[in-house]
Amino acid sequence: MLENKSYTLKEISQWQKEVSNDEETKITLPSLQRGFVWKPEQIEALWDSVFRGYPIGAIMMSVDKEKNRFLLDGQQRSTSIALGHFNPFNENSDFFFSLKTYKPSVWIDLNTEIVTDTQKFTFRCLTQSHPWGYQLKVNSSPLSMQDRRNANAFFSRDGKVERYTDLKSNQINPWDSRFPVPLSFILEETTENFIEFKLNIVRKANTLNIKTKHSGNECVNFNEVKDEDLNKIFLGFLNYKKLKIPEIAVCAEILNESEENVANESQDPTLFVRLNSAGTRISGEELIYSIYKASFPKIKDL
């Protein structure tokens, strides 16, 4: 009988480490898994769900006779979770399943008054091609050319970087933000007391000496962050601490069968086809009807 576990997000972030002292946290990615393909807005939406206390689904593991675990479903989420724990100012030899070179960094804006149209919190994922991030209100739209020029001028202020794609994670920050800090600054906290949380975050943030589109000619002063905004972040942090992801465990023979099917072109990899494409997507009309039906039960009789 397989034991189904549940994992904290901190535990999931440890799966990506190449060397783990704890065999219980060592998770292997099967060879038939694709690479990391999520876009920045998908990573941001996942973390917005976490801080809002939303469930973010289960993960599926294959377990062999030695109880080794292989991640069948959940690679995109687990990598996005690990990226949230990645501190761009303390880059060690962290290993990521599908990110061998450049690792995107995830930031959060401590200002919660101006957010995107679909989020309650402003998360920003910075990539090699967009080291300055995207627009504040429309997080799928690139910055204007002028904003990108201004950001690049600040990021390359030491004159050692010729191309913006050569900028390292510790040289960049979201440009269209008010009070951005690496999300890892929040997740590293151990206190559950708001006053201590506030003092720790503001102290660490003020050491960054960063500038944004909204800070003028000065570096961002995190002493100006409002308590009500920080309290929202704090409550989101508590949601992160409480969240556990359930596991669905299956026997390793299923994984072996799927790999054999991949090698045999006359068969499809049944497990992954059924996991990812065998369902029926809900249409916009069906979703609207479901919402109406939940609010006005008698509408189904019309």
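We now turn to the structure provided with this report.

With respect to the sheet that holds strand β6 (residues 123–126)
No. 1: Ordered by their spatial adjacency, 3 strands build an open sheet running β6-β5-β7, and the pairing between neighbours is antiparallel. Edge positions in the open sheet fall to β6 and β7 (180–182), since each of these has one partner strand only. Ignoring strand direction, the axes of neighbouring strands in this sheet form an average angle of 35 degrees.
No. 2: Packing against the sheet, helix α2 (residues 40–52) makes contact with β5 (105–109) and β6, and its axis sits at approximately 145 degrees to β6.

Examining helix α4 (residues 145–155)
No. 1: Within the span of α4, buried status applies to Asp-147, Ala-151, Phe-154 and Phe-155. For α4, the arc enclosing every buried residue in end-on projection is 95 degrees, short of the 170-degree limit, so these residues lie on one face.

Some points on the side chain of Arg-124
No. 1: Mapped onto the elements, Arg-124 comes out in strand β6.
No. 2: On the basis of relative accessible area, Arg-124 is assigned to the buried category, the value being 1%.
No. 3: Polar contacts involving the side chain of Arg-124 include one to the side chain of Glu-44, which spans 3.4 Å.
No. 4: Dropping the residues within four chain positions of it, Arg-124 is found in contact with Glu-44, Ser-105, Val-106, Trp-107, Thr-116, Tyr-134, Gln-135, Leu-136, Lys-137, Asn-139, Pro-174 and Ser-177.

Topic: the nonpolar core
No. 1: Formed by 62 residues in total, the largest nonpolar core has its most connected members in Leu-9, Trp-47, Phe-51, Leu-110, Ile-186 and Phe-222.
No. 2: With near-sequence residues (within four places) excluded, Leu-9 lies in contact with Trp-47, Val-50, Ile-56, Ile-81, His-85, Tyr-240, Leu-243 and Ile-245.

Definitions and limits used
- Residues numbered from 1 in each chain as written.
- Predicted model: local features only at pLDDT ≥ 70, side-chain atom pairs only at ≥ 80, totals over all residues.
- Heavy atoms only, no water.
- Pairing = 2+ DSSP bridges.
- Helix = DSSP H or I, 4+ residues; strand = E, 2+ residues; numbered from the N terminus.
- Axes fitted to C-alpha atoms, helices over the stretch in contact; angles between N-to-C directions.
- Contact = heavy atoms within 4.5 Å.
- Buried < 20%, exposed > 50% of the residue type's maximum accessible area, 1.4 Å probe, protein only.
- Arc of directions from axis to C-beta.
- Polar contact = N/O pair within 3.5 Å; in protein donor to acceptor, adjacent residues only side chain to side chain.
- Core = buried A, V, L, I, M, F, W, Y, C linked by side-chain atoms within 4.5 Å.

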